[in-house]
Amino acid sequence: MGYILSVTNTRKGGYNNSEPRTITSDSAVLRRVKATADNTLESMVVYLVAMVVTMGSKDDLTEDRWAVLFMIARTLYCGCYIGDLDIIRTFIFCMAEFSTIAIMMVSV
């Protein structure tokens, strides 16, 4: 993501090294890429909490399957976010959040 942001940010208007997080482009796609990266970081906090909760669990195979579902859903979510597919994105977001909750429920 960072590479995409830096390449597209340097094409129009230049890159401001004193404020590296500022987007100088008016591109909607570029703003969506940045929002996707921010949203992914926010969702990883909940996922990592679920992983810490399940560390002592004995049913690793089921947890691994839910974790793979979460990663696939988050990857699809990023594509849907950048592609402006809002209804599908919401469904995939719910699937990722459900898998996080399922990871915690399996460990209990």
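Everything numeric in this text was worked out from a predicted model, so none of it was measured.

### So, helix α3 (residues 60-82)
Side chains three or four residues apart in an α-helix point the same way, a direct result of the helix having 3.6 residues per turn. Look at α3: 33 Å from first C-alpha to last across 23 residues, which is about the 33 Å you get at 1.5 Å a residue. By the burial criterion, the buried members of α3 are Glu63, Ala67, Phe70, Ala73, Arg74, Tyr77, Cys78, Cys80 and Tyr81. Where α3 is buried, its residues touch α2 (28-53) and α4 (86-107). Positive backbone phi, approximately 60 degrees, marks aspartate 84, located one or two places after α3.

### Some thoughts on unusual backbone geometry
Positive phi, normally seen in glycine, also occurs at aspartate 84, with a value near 60 degrees. Tracing the backbone through its elements, the reader meets aspartate 84 in the loop between α3 and α4. We classify aspartate 84 as partly exposed; its relative accessible area is 44%.

### Re the state of the cysteines
Using the criterion set out here, one finds zero disulfides in the structure. Residue cysteine 78 stays outside any disulfide, its sulfur separated by 9.4 Å from that of cysteine 80, the closest cysteine. Look at cysteine 78 and you get buried, because its relative accessible area is 14%.

### A look at the nonpolar core
Judged by nonpolar contacts, Tyr47, Ala50, Ala67, Phe70, Ala73, Tyr77, Cys80, Tyr81, Ile92, Ala96 and Ile103 together constitute the single largest core of 11 residues. Taken together, the elements giving at least two residues each to this core come down to α2, α3 and α4. The element best represented in this core is α3, accounting for six residues. Not counting residues up to four positions away in its chain, the partners in contact with tyrosine 81 are Arg32, Ala35, Thr36 and Arg89.

### A short note on α2
End to end, α2 covers 38 Å across 26 residues, agreeing with the expected 38 Å (1.5 Å per residue, within 8%). Restricting attention to buried positions, one finds in α2 the residues Leu30, Val33, Thr36, Ala37, Asn39, Ser43, Tyr47 and Ala50.

Basis of the calculations
Residues numbered from 1 in each chain as written. Predicted model: local features only at pLDDT ≥ 70, side-chain atom pairs only at ≥ 80, totals over all residues. Heavy atoms only, no water. Helix = DSSP H or I, 4+ residues; strand = E, 2+ residues; numbered from the N terminus. Expected span 1.5 Å × (residues − 1). Buried < 20%, exposed > 50% of the residue type's maximum accessible area, 1.4 Å probe, protein only. Contact = heavy atoms within 4.5 Å. Disulfide = S-S within 2.5 Å. Core = buried A, V, L, I, M, F, W, Y, C linked by side-chain atoms within 4.5 Å.

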